[in-house]
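Here are the chains, one letter per residue:
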Amino acid sequence: NIGNLLSTLNRYEESLKYLELAKQEINKSKDHYLKSKLYTDIGKVHHFLGLYDVALDYYNNAINESEKITDIKIKKNALNYSYACKADNFEFLNQNDSMFIYFQKAFRLNQEPFTYANIANYFIVYKKNEIDSAKYYLEIASDKLQKNKYSLFQKLVVSSKYGDFYYTKQEY
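Computed from a predicted model, the values in this text were never measured in an experiment.

S.K.: Please provide a residue-by-residue account of the overall build of the protein, values included.
M.R.: Summing up its helical and strand segments, the protein has nine helices and zero strands in all. In sequence order, the secondary structure elements of the protein are arranged as α-α-α-α-α-α-α-α-α. At 17 Å, the protein has a C-alpha radius of gyration in line with the 16 Å of a compact globule built from 172 residues. Overall, the C-alpha framework of the protein stretches about 55 × 35 × 30 Å when taken along its three principal axes. When each of the 172 residues of the protein is scored for burial, the buried share is 42%. Nonlocal contacts in the protein, meaning residues at least 24 apart in sequence, comprise 50% of its contacts between residues at least 6 apart.

S.K.: A description of the side chain of Asn89 should follow, citing residues and the corresponding values.
M.R.: Inspection of the secondary structure puts Asn89 in helix α5 (residues 72-92). What makes Asn89 buried here is its relative accessible area of 0%.

S.K.: Account for the nonpolar core, naming residues and giving values.
M.R.: One finds Ile119, Phe123, Ala134 and Tyr137 to be the most contacted residues of the largest nonpolar core, which totals 31 residues. Elements supplying a minimum of two residues to this core: α4 (52-67), α5, α6 (96-109), α7 (113-126), α8 (131-147) and α9 (152-168). For this core, the element with the highest residue contribution is α7, accounting for seven residues. Once residues lying within four places of it in the same chain are set aside, the contact partners of Ala134 are Ala120, Phe123, Ile124 and Phe165.

S.K.: Please give an account of unusual backbone geometry that cites residues and values.
M.R.: You will see that Asn94, though not glycine, has its phi angle at about 55 degrees, which is positive. Among the structural elements, Asn94 can be located in the loop between α5 and α6. In this structure, Gln170 takes a positive phi of about 60 degrees despite not being glycine. Counting through the fold element by element, Gln170 comes out in the segment after α9.

S.K.: Provide a residue-level description of the packing of aromatic side chains, including the pertinent values.
M.R.: Both the distance between ring centres and the angle between the ring planes are used here to describe each pair of aromatic rings. For the coordinates displayed, the defined rule picks out 18 aromatic pairs. Ring geometry for Tyr162 against Tyr166: centres 6.0 Å apart, planes inclined by 15 degrees, an arrangement best described as stacked. Of this pair, Tyr162 and Tyr166 are both found in helix α9, four residues apart, which corresponds to roughly one turn of the helix. Judged by relative accessible area, Tyr162 falls into the buried class, the value being 18%.

S.K.: Can you tell me about the pattern of salt bridges, naming the residues and giving the values?
M.R.: All told, the structure shown has ten salt bridges when counted by the stated rule. Across the salt bridge formed by Glu14 and Arg11, the nearest N and O atoms sit 2.8 Å from each other. What makes Glu14 partly exposed here is its relative accessible area of 30%. With a shortest N-O distance of 3.7 Å, Glu171 and Lys169 are connected by a salt bridge. On the accessibility criterion, Glu171 (42% relative accessible area) is partly exposed. Since its relative accessible area comes to 33%, Lys169 is described here as partly exposed.

Reading the values: the criteria
Residues numbered from 1 in each chain as written. Predicted model: local features only at pLDDT ≥ 70, side-chain atom pairs only at ≥ 80, totals over all residues. Heavy atoms only, no water. Helix = DSSP H or I, 4+ residues; strand = E, 2+ residues; numbered from the N terminus. Rg over C-alpha atoms; globule rule 2.2 N^0.38 Å. Buried < 20%, exposed > 50% of the residue type's maximum accessible area, 1.4 Å probe, protein only. Contact = heavy atoms within 4.5 Å. Core = buried A, V, L, I, M, F, W, Y, C linked by side-chain atoms within 4.5 Å. Phe/Tyr/Trp six-rings, centres within 6.5 Å; stacked < 30°, edge-to-face > 60°. Salt bridge = Lys/Arg side-chain N within 4 Å of Asp/Glu carboxyl O.

Read these as spatial facts, not as claims about activity.
Structure (structure tokens):
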């Protein structure tokens with residue numbers, strides 16, 4: 001959609017205008033998936049603008065809409081997306097325990113390499129005394145990458161977190 005495209009181009013204010021127009025139309029609908037996706041996308045734009053509390057409200061709305069989806073697969077994907085965005089947002093609010101809780105919720109729904117890397121990053125950055133846990137999650141992520149086809153993005157995230165892991169351990 002145009003709102004997402006503009007957000008990708010760092011044109012956040014313009015993006016919000018289009019997303020708000022979409023919101024007016026989608027709110028007339030009973031399509032909970034579309035509402036969830038829209039609220040998450042609006043939350044992300046607010047997040048990028050540094051309006052983390054506003055973003056949190058939109059993520060909460062997205063989660064509420066996701067819970068109403070009847071198709072289990074679509075519901076899990078929508079919740080995973082909203083949980084991961086909400087977790088990321090908590091980091092900027094310095095609510096690291098909440099961040100971890102929401103990354104775990106996303107993890108329970110979708111155990112892809114990217115999700116393992118997010119959990120590993122928590123240990124790398126915030127629980128350095130438990131850094132071996134990061135290695136555990138990174139090894140599983142790497143194993144999944146080797147056994148299945150995943151996007152270049154997933155590979156990049158896992159590789160980047162491995163770099164962070166070794167940097168933190170000062171193992172260059």
